[in-house]
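Residue-level structural notes
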Amino acid sequence: MNNRLSDAGSRKAGSDPTRTIAFDVLVAVTERRRTIEEALDHADPARPSGMAGAQVPSRDRAAAHRLAATVLRRMGTLEAVLEPFLAKAPPPRVKLALMMGAAQLLFLETPPHAAVGTVVSLMRERSLAPFAGLVNAVLRKVAGAGVAALDALDGPRLDVPAWLWSSWGGLARQIAEGLAREAPLDLTLRPGGATPEGGVLLPTGSVRLPAGTRVAELDGYAEGGFWVQDAAAAIPARLLAPQAGERIADLCAAPGGKTAQLASAGAQVFAVERDGNRLRRLRQNLTRLQLEAEIVEADALVWTPPELLDAILLDAPCSATGTARRHPDVLRLKRQSDIAGLVEGQDRLIEAAARMLRPGGRVVYAVCSLQPEEGDRRAEAAHRFGLSLEPFTTQELAALPEARTPEGWLRTHPGLWPELGGMDGFFAARFVRR
């Protein structure tokens, strides 16, 4: 349990920066379609909702992130719990505050007086004082009867938007159950690096620590012994099988986890990224890890390598629905109508990658998406660009055989490894230039 949230129960209930920041984050996500991270970068509990302010202290930021993420992850369930206690639908921001209070009561083990009191105070801080009595009454009822109400609800189905549930087919329930769990912290070790204390070595080679672990406080972090990377996200670069001395491009490279994998294998890496802000983060990560790559600020669609490449890792921009365990705002921000534009961009990137390869060169196409349009169907279309499918073998995926599809593609999803804490959703396929 997050200490910042539980500690509130040991002091007088009232104004609390964690709740205020979390509320402003939820407003930014639902009304202005910002991501949680973007909203946190603009959060300041001393200012009116939505106004940019000073940098949020790391402890408050982490606690507010967890609270906002819990609301976004369990939004359908929270709405269903609250509905019997509301005579009519409240204004959207009041509803967000009610869901925030209910999330603390039902999922974060916050003492009732703290959960209710701080949200009631929040109503006054955010110019919603006329609804303070309603919030107080409803949350007290949730504190008394809400837990029992959960048993009668189909949480996994309620918490996933209908269009996503439909698109996931027979895997929908398994995926949704995985999304309901908070994601652990996964690390990729530098070759020869030591597993941090408390870390568990996973079958695929990643190291896993409990959710809420502060990575910067782990032994070996400052020395560049590892980097944060979900276990599923680490697989595509391993399947590319980089060799020392090979010329390899990591297209759409930021924040740099896959670039680090390629560089640590001894490849000559071109890290191509068009977003300057993300590129700075990539450069900072490589500096900490003491790894080298040629960093290229350019659009991968128009960049030309100095000579044809041996291999390419293309982790293409996508809907990111596979990362909803870590980024539950994805469930509320993405729309079915977004997919067509993303698919068009993915095809253009595959075509560009094919042009950069020498004959016989290989490319691994990957997306952190659960949508078939961005995965299976892109693999099926790649032949149009002079690429031939090279299936992943059973030996290459021996550590995760359930992720190999009949076609020889990689498909992970949050429902895999439930006993180990799950993983992100990724699709990957390998092709060779004819």
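What you see is a predicted model; the values in this text were computed from it and never measured. (Residues numbered from 1 in each chain as written. Predicted model: local features only at pLDDT ≥ 70, side-chain atom pairs only at ≥ 80, totals over all residues. Heavy atoms only, no water.)

A word on the pairing of strand β1 (residues 185–189). For β1, the buried fraction is high: five of the five residues fall into the buried class. Residues Leu185, Leu187 and Leu189 line one face of β1 and the alternating positions Asp186 and Thr188 line the opposite face, and both faces are buried. Across three bridges, β1 lies against strand β4 (residues 226–228) in antiparallel orientation. Within β4, the residue paired with Thr188 across the bridge is Trp227. (Buried < 20%, exposed > 50% of the residue type's maximum accessible area, 1.4 Å probe, protein only. Helix = DSSP H or I, 4+ residues; strand = E, 2+ residues; numbered from the N terminus. Pairing = 2+ DSSP bridges.)

Let us look at the sheet that holds β1. Taken in spatial order, the four strands line up as β2-β3-β1-β4 in an open sheet, and their pairing is antiparallel. The open sheet has two edge strands, β2 (200–201) and β4, and neither has a second partner. The pairing of β2 with strand β3 (residues 207–209) spans two bridges and is antiparallel. Looking at the pairing, Val200 lines up with Arg208 of β3.

For the peptide bond that leads from Ala254 to Pro255, omega is 10°, which places it in the cis range. Residue position: Pro255 is located in the loop between β5 (247–251) and α13 (257–264). Residue Arg33 is not a glycine yet carries a positive backbone phi of 55°. Looking at the element boundaries, Arg33 is found in the loop between α2 (17–32) and α3 (36–41).

Helix α7 (residues 112–125) packs onto α2 with a crossing angle of 60° between their chain directions and a minimal axis gap of 10 Å. Judged on the interaxial angle alone, α7 and α2 are oblique. Like other packed secondary-structure pairs, α2 and α7 cross with a definite hand, here right-handed. Of α7, the residues touching α2 (which contributes Arg19, Thr20 and Phe23) are Ala114, Thr118, Leu122 and Glu125. Here the contact of α2 with α7 is built from residues that sort into three nonpolar, two polar and two charged. (Axes fitted to C-alpha atoms, helices over the stretch in contact; angles between N-to-C directions. Parallel < 35°, antiparallel > 145°, perpendicular 65-115°, else oblique. Left-handed = near helix turned anticlockwise from the far one by under 90°. Contact = heavy atoms within 4.5 Å. Nonpolar A, V, L, I, M, F, W, Y, C, P; charged D, E, K, R; others polar.)

Turning our attention to the UniProt feature "active site" (unreviewed entry) in the protein. The residues that UniProt annotates with the feature "active site" (unreviewed entry) are Cys368. Mapped onto the secondary structure, Cys368 falls in the loop between β9 (357–367) and α17 (376–381). Given the relative accessible area of 16%, Cys368 is considered buried. Residues contacting Cys368, with those up to four places away along its chain left out, are Asp315, Cys318, Ala320, Thr321, Gly322, Thr323, Gly425 and Phe426. (UniProt positions renumbered as here; feature names shortened; annotations may be inferred.)

A few words now on the packing of aromatic side chains. For the coordinates displayed, the defined rule picks out three aromatic pairs. With a centroid separation of 6.2 Å and an interplanar angle of 50°, the aromatic rings of Tyr221 and Phe226 are classed as tilted. Among the residues examined, Tyr221 registers a relative accessible area of 23% and is labelled partly exposed. The interplanar angle of 65° and the centroid separation of 5.6 Å between the aromatic rings of Trp409 and Phe427 together place this pair among those described as edge-to-face. In this pair, Trp409 is assigned in the loop between β10 (387–389) and β11 (410–412) and Phe427 in strand β12 (residues 426–433), connecting sequence segments 18 residues apart. Here Trp409 matches Phe427 in class, with each residue buried. The side chain of Arg288 reaches across the aromatic face of Tyr221, ending 4.0 Å from its centre. (Phe/Tyr/Trp six-rings, centres within 6.5 Å; stacked < 30°, edge-to-face > 60°. Lys NZ or Arg CZ within 6 Å of the ring centre and 35° of its normal.)

As a further point, take the nonpolar core. Residues Leu251, Trp303, Ile312 and Leu314 are the most contacted members of the largest nonpolar core, which totals 71 residues. Filtering out sequence-adjacent residues up to four positions away, Trp303 remains in contact with Ala249, Leu251, Phe270, Val272, Val296, Ala298, Leu309 and Met356. Among the nonpolar cores identified, the runner-up in size contains 47 residues, and Val25, Ala103, Val120 and Ala132 belong to it. (Core = buried A, V, L, I, M, F, W, Y, C linked by side-chain atoms within 4.5 Å.)

What follows is about the pairing of strand β7 (residues 294–297). Two faces belong to every sheet, and in a regular strand the side chains alternate between them. For strand β6 (residues 268–273) and β7, the ladder comprises four bridges, and the chain directions are parallel. Of the residues in β7, the one forming a bridge with Ala271 is Ile295. The β-α-β motif built from β6, the intervening helix α14 (residues 276–289) and the parallel element β7 has right-handed crossover chirality. (Right-handed = clockwise from strand over helix to strand, strands pointing away.)

This next bit is on the side chain of Thr204. Along the chain, Thr204 falls in the loop between β2 and β3. Setting aside anything within four residues of it in sequence, one finds Thr204 in contact with Ala231, Ile235, Arg238, Ala399, Leu400 and Trp417.

Another point: α14. Along its 14 residues, α14 runs 20 Å from first to last C-alpha, staying within 8% of the 20 Å computed at 1.5 Å per residue. Taken together, the buried positions of α14 are occupied by Gly276, Leu279, Leu282, Leu286, Arg288 and Leu289. Buried residues along α14 sit against β4, α13, β6 and β7. One side-chain oxygen at the N-terminal end of α14 lies 2.9 Å from the backbone nitrogen of Asn277; it belongs to Asp275. (Expected span 1.5 Å × (residues − 1). Polar contact = N/O pair within 3.5 Å; in protein donor to acceptor, adjacent residues only side chain to side chain.)

Before going further, it helps to spend a moment on helix α8 (residues 132–150). Of all bends in α8, the biggest is about 55°, found at Gly144. Taken as a whole, α8 has its buried residues at Ala132, Val135, Val138, Leu139, Val142 and Gly146. Contact partners of the buried residues in α8: α5 (75–82), α6 (92–106) and α7. (Bend = angle between axes of the 7 residues up to and from the residue.)

All chains considered together, the criterion is met by zero disulfides. This cysteine, Cys252, is not joined by any disulfide, and Cys318 carries the nearest cysteine sulfur, 10 Å off. Between Cys318, a free cysteine, and Cys368, which holds the nearest cysteine sulfur, the sulfur-to-sulfur gap is 3.6 Å. (Disulfide = S-S within 2.5 Å.)

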